[in-house]
Amino acid sequence: EAVSVHDANITYTNGKHAFVGANERIVSLATLSRTASEDMNEDLMYNIYRWALVDHDILSNLDTQVSKEGDSAYADLVVQKALGIAMDSVLAAETAVVLNVWMEITHELFTAIDYCGKGDNRSFMALDRGMALWIGVDQEESSFDTGYMMYSIAQKAADNFGLNSGESKVNTDIIDDFVDAQSIASDCRLADDSKAGMPLVVQSMLKKMTIPLLQNLIYYIKQENNNYIELYSLAVIPQAMGCSSTMHKTLSDALSSGKTVKNLDKDFYDAFKMFQKCLRINCADIIGNTSPDEEMRAHISELCYDENSEVVNAIAGFETINDVYEISRLDLDILQMGILMETGAFEAAISLYENGYNSFGDSNGFQNLRALARSSIRNIVPQYNIFMEYFSSENYGHELVMDALEGVGVFVDATKDQRAEGATRALQSMVFYMAILEKLYSAVEQCREGNENGVKTWEQGVALFVGSIEGSARGGSATGDGTLIYALAKE
């Protein structure tokens, strides 16, 4: 409902309806963004957004000083633009939800992971707060006309795609995930499996939370509505920085303020589809349970990632018999760990290094860089003993990475940039070098034994050499923004 810009600004800044704490302190939408640097400083998603928006036009054009690490209150700045420059209270309200509230929900989910890992029952509270922020107080189940929060945004996005009645698949799936997360939280104090399960269900929720943002961006591109294209570009495209800096630049440049979407080219379409692949989102996720008309379906198909379109499994042109995509995604852990270190989120970087986030393992959980650095079968590689003797340590690569993460040893006086460079280069040139050789020598041994898994092991070695960021085309990424030895060779 439209109100005057003046009244909207007062409500946004000072709050009106929400009270927290024993003293019933009023909390405002602006506070969610303005206190983010304190509350979310160790959150992966928040720091990826900050890093992505360092040089964004919408921030640099405002009367503010944006630091090298990005403005911590970027969402507040965008809402202020909607109120002060666009003079549009409706746009400002939607901006506050998809930027401020959406990120606050991710914070509650990462908080639930942290509490669960510590065996703390407050995981329940974090999950309940996240669910409350997703749905809101005025939302009616399956309604398209009530509510103001992300549940309502997801319903309207589905409506734009032709859902005439019922609950959007996104909302149904997210509520199911919250129920699963509550079940996991009940065992956090007792079972290690639950501690491993919480990050998995949270990642599932974050994927689904991103779908309505993509749906609306796709919809407004078709409508050529520049204000809302800019809004949903800011709401979702920063996540591309956690996939590839070049991908992020291609997408953000194409959708930046003042450009017409009629000029979107093949580079944009290719990058947009690979962005969705990186997020594990495909055409079926975008369409959900909606029924788009023929024209809208054609538009969606032009922009969404069709997982069936990749007939051949390939890594930088090397065709594989087996699907080794998951292990190749360990390069994303390096990329995102570097971002966290650059923004000063060293505790989060250590957690990512030790627990993983982007690569699913064969068992229940994530593959992680720490396990790769400390593999117990590296002695199959003849060169390993030479390195071990030279460094006087079995885990020389791991120890150097940890020194950089903790700021000790040779990194005691190092800057954040230097520590990030030290950790990511140690992983690239020391840890992955030995991990690749381990796979190759293991494959040779398996072949000698007549073990048919030898081929897959060999292909896993190639995946660790190239990574996922390089893509499937021969030669890999033209800009060389991968994080593994293949990218190092191109430098």
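In case you missed it, the structure is sitting above this.
Here's a quick rundown of the structure. Given the structure is predicted, the values throughout are model-derived calculations rather than measurements.

Now for the overall build of the protein chain. The secondary structure content of the protein chain amounts to 25 helices and 4 strands. Here the C-alpha radius of gyration of the protein chain, 23 Å, is about what a compact globule of 491 residues would show, namely 23 Å. Seen through its principal axes, the protein chain has C-alpha atoms that stretch 75 × 55 × 45 Å. Considering the protein chain as a whole, with its 491 residues, one finds that 55% of them fall into the buried category. Summarising the internal contacts of the protein chain: among those between residues at least 6 apart in sequence, 65% fall at separations of at least 24. Carbon and sulfur atoms make up 48% of the accessible area of the protein chain, which totals about 22,200 Å².

Counted according to the given criterion, the structure contains 14 salt bridges. A salt bridge links Lys266 to Asp270; the shortest N-O distance between them is 2.6 Å. With Lys266 and Asp270 both in helix H14 (residues 266–278), this residue pair falls 4 residues apart, about one helical turn. For Lys266, a relative accessible area of 60% puts it in the exposed group. Note on Asp270: relative accessible area 33%, which makes it partly exposed. Among the ionic pairs, Arg425 bridges to Glu491, the shortest N-O distance being 3.1 Å. With Arg425 in helix H23 (residues 416–448) and Glu491 in the segment after helix H25 (485–490), this pair connects stretches of sequence that are 66 residues apart. If you follow the salt bridges from partner to partner, you end up with Glu421, Arg425 and Glu491 in one network.

What follows is about a negative patch on the surface. Taken together, the side chains of Asp138, Glu140, Asp145 and Asp159 present a region of like negative charge at the surface. On the basis of relative accessible area, Asp145 is assigned to the exposed category, the value being 75%.

By size, the foremost hydrophobic cluster in this structure holds 150 residues, and its most contacted members are Trp134, Met198, Tyr232, Phe268, Phe272, Phe275 and Met337. With residues near it in sequence (within four places) discarded, Met337 still touches Ala349, Leu352, Tyr353, Leu369, Val401, Leu405, Ala423 and Leu427.

Quick look at the packing of helix H6 (residues 74–84) against helix H7 (residues 89–117) now. One can describe the packing of H6 onto H7 by two numbers: an axis separation of 8 Å at closest approach and a directional angle of 175°. Comparing the axis directions of H6 and H7 gives the class roughly antiparallel. Between H6 and H7, the residues in contact are Tyr74, Ala75, Asp76, Val78, Val79, Ala82 and Leu83 and Ser89, Leu91, Ala92, Thr95, Ala96, Leu99, Asn100 and Met103, respectively. Here the residues of the contact of H6 with H7 sort into 11 nonpolar, 3 polar and 1 charged.

Attention now moves to the state of the cysteines. Counting across every chain of the model gives 3 disulfides. Sulfur-sulfur distance for the disulfide between Cys116 and Cys188 comes to 1.9 Å. The disulfide joining Cys116 to Cys188 has a torsion of about -90° about its S-S bond and is therefore left-handed. In this pair, Cys116 sits in helix H7 while Cys188 sits in the loop between helix H10 (169–185) and helix H11 (192–223), placing the two residues 72 residues apart along the sequence. Judged on exposure class, the residue Cys116 and its partner Cys188 are both buried. The disulfide that involves Cys283 links it to Cys304, with 2.0 Å between the sulfurs. Between Cys283 and Cys304, the disulfide has an S-S torsion of 95° and is therefore right-handed. Taken together, the positions of Cys283 in helix H15 (residues 283–287) and Cys304 in the loop between helix H16 (294–303) and strand S3 (314–315) put the pair 21 residues apart, joining distant regions of the chain.

Cut-offs applied
- In this convention, every chain numbers its residues from 1, walking through the sequence in written order.
- The predicted nature of this model means local features are confined to residues of pLDDT at least 70 and side-chain atom pairs, given and counted, to a pLDDT of 80 or more, with totals for whole chains, interfaces and linings taken over all residues.
- As a rule here, side-chain values come from all non-hydrogen atoms in the structure, and water together with hydrogens is ignored.
- Each helix is a run of DSSP H or I of at least 4 residues and each strand a run of E of at least 2, with the numbering of both proceeding from the N terminus.
- Two things to know: the radius of gyration comes from C-alpha atoms, and the globule rule equals 2.2 Å times the number of residues to the power 0.38.
- Here the term buried applies to any residue with accessible area under 20% of the maximum for its type, exposed to any over 50%, and partly exposed to those in between, with areas from a 1.4 Å probe on protein chains only.
- The contact criterion used throughout is that any non-hydrogen atoms of two residues lie within 4.5 Å.
- Here the Shrake-Rupley method, with its probe set to 1.4 Å, supplies the accessible areas, and only the displayed protein chains count as covering residues.
- For salt bridges, the criterion is a side-chain nitrogen of Lys or Arg within 4 Å of an Asp or Glu carboxyl oxygen.
- Put simply, a patch holds well-exposed residues, over 30% relative accessible area, that have no salt bridge, with like charges counted together within 9 Å and Val, Leu, Ile, Met, Phe, Trp or Tyr side chains within 5 Å.
- Here Asp and Glu are counted as negative and Lys and Arg as positive; His is not counted, and neither are the chain ends.
- Throughout, a charge is located at the NZ atom of Lys, the CZ atom of Arg, the CG atom of Asp or the CD atom of Glu.
- The criterion is simple. A nonpolar core is a set of buried Ala, Val, Leu, Ile, Met, Phe, Trp, Tyr and Cys residues joined through side-chain atoms within 4.5 Å.
- Helix axes are fitted to C-alpha atoms over the stretch in contact, other axes to C-alpha atoms as well, and angles between N-to-C directions run from 0 to 180 degrees.
- Angular relationships are summarised with four words: roughly parallel below 35 degrees, roughly antiparallel beyond 145, roughly perpendicular across 65 to 115, and oblique for the angles in between.
- Note on residue classes: Ala, Val, Leu, Ile, Met, Phe, Trp, Tyr, Cys and Pro are nonpolar, Asp, Glu, Lys and Arg are charged, and everything else, Gly too, is polar.
- Sulfur atoms of two cysteines make up a disulfide when they are within 2.5 Å.

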